Amino acid sequence: MRTCLYYVIACWFILQVGDIVYPAVGLDDDKASRLFLYIAILGFPVNFAIAWYFQITPRGIVRTTSFVERRVLKNIPPINDRRHGKVSTYFQKDGSQDSSWIISAETGPLSGLSFAITEPIVIGRSLDCDLAVVTPHVSRRHAQLEVEDFQLYVRDLGSANGTVVNGRPIEGRHALHHEDELRLHDIIFRVTESFSGPRQERDSMNQTTFIDNTLSGGKSPEKTED
């Protein structure tokens, strides 16, 4: 529609310029304007057909993606696409592999897509949500996911059908764990904890290693008094 609007504005501008140029070059103003108007009308459906498959962007003229892909790209980008039996990381951005929490849609319009949770996101039916799930059983703002101290939490936002984790409705904020099932009515997400390199290093540094000295025949030091 934007391209068609540009086309109409361009034709109107050329007609205005033609009213000044045609007499200067010795052409009949009415005939020349009428001829250009006929050409512009015939060219409109051609312009509309081209605009259906291509669009004008700051990067130039690019092919228009399908409705589903455009809706997904307006939200957080999926890191994996398993639809139609294919595995793809086409949408993956640099650095997304460092995320320790991933949710994968198993049912619904996003089925086959996986999303890295690196910051608070809102899931809902509204396209303004960070992760839009366009289905009538999901509320406009259904639930929120957030990571705090490397732990993933889900919070129901007063949805009509509630938020369910492993078959149990939740109230308030609820901690999620590896392989948990997150259900928004008939929409199911599978939670995965993926340990990244930096996360493993931090966890290793926070762990305490105990060494049993008796196994090596050593003796524990005796307590002495001054």
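Computed from a predicted model, the values in this text were never measured in an experiment. (Residues numbered from 1 in each chain as written. Predicted model: local features only at pLDDT ≥ 70, side-chain atom pairs only at ≥ 80, totals over all residues. Heavy atoms only, no water.)

Caption draft 1: Region of the structure containing the sheet that holds strand 13 (residues 181-184). Ordered in space as 3-5-4-14-13-10-11, the seven strands form an open sheet in which the pairing is antiparallel. Two strands bound the open sheet, and with one partner strand each, they are strand 3 (80-81) and strand 11 (168-169). Relative to strand 13, strand 10 (residues 164-165) runs antiparallel, the two sharing two bridges. The partner of Val-164 across the bridge, within strand 13, is Arg-183. (Pairing = 2+ DSSP bridges. Helix = DSSP H or I, 4+ residues; strand = E, 2+ residues; numbered from the N terminus.)

Caption draft 2: Geometry of the environment of Ile-187. Looking at where Ile-187 falls in the secondary structure, it is placed in strand 14 (residues 187-193). Sequence separation of Ile-187 and Ala-105 is 82 residues, and the distance between their C-alpha atoms is 7.6 Å. If we ignore the near neighbours within four places in the chain, the residues touching Ile-187 are Thr-107, Gly-108, Pro-109, Val-133, Thr-135, Val-138 and Leu-182. (Contact = heavy atoms within 4.5 Å.)

Caption draft 3: Seen up close, the sheet that holds strand 8 (residues 143-148). With mixed pairing, the five strands of this open sheet are ordered in space as 7-6-8-9-12. Strands at the two margins of the open sheet, each flanked by one partner only, are strand 7 (131-132) and strand 12 (173-175). As defined by bridge partners, strand 6 (residues 121-124) adjoins strand 8 across three bridges and the pair is classed as antiparallel. In the sheet register, Ile-121 faces strand 8, and the bridge partner there is Leu-145.

Caption draft 4: Seen up close, helix 2 (residues 29-53). An ideal rise of 1.5 Å per residue puts 36 Å on 25 residues; helix 2 measures up with 36 Å between its terminal C-alpha atoms. At Gly-43, helix 2 shows its maximal bend, which comes to roughly 30°, and the proline Pro-45 appears one to four places after that position. With a side-chain oxygen positioned 3.1 Å from the backbone nitrogen of Asp-30, the residue opening helix 2 is Asp-28. (Expected span 1.5 Å × (residues − 1). Bend = angle between axes of the 7 residues up to and from the residue. Polar contact = N/O pair within 3.5 Å; in protein donor to acceptor, adjacent residues only side chain to side chain.)

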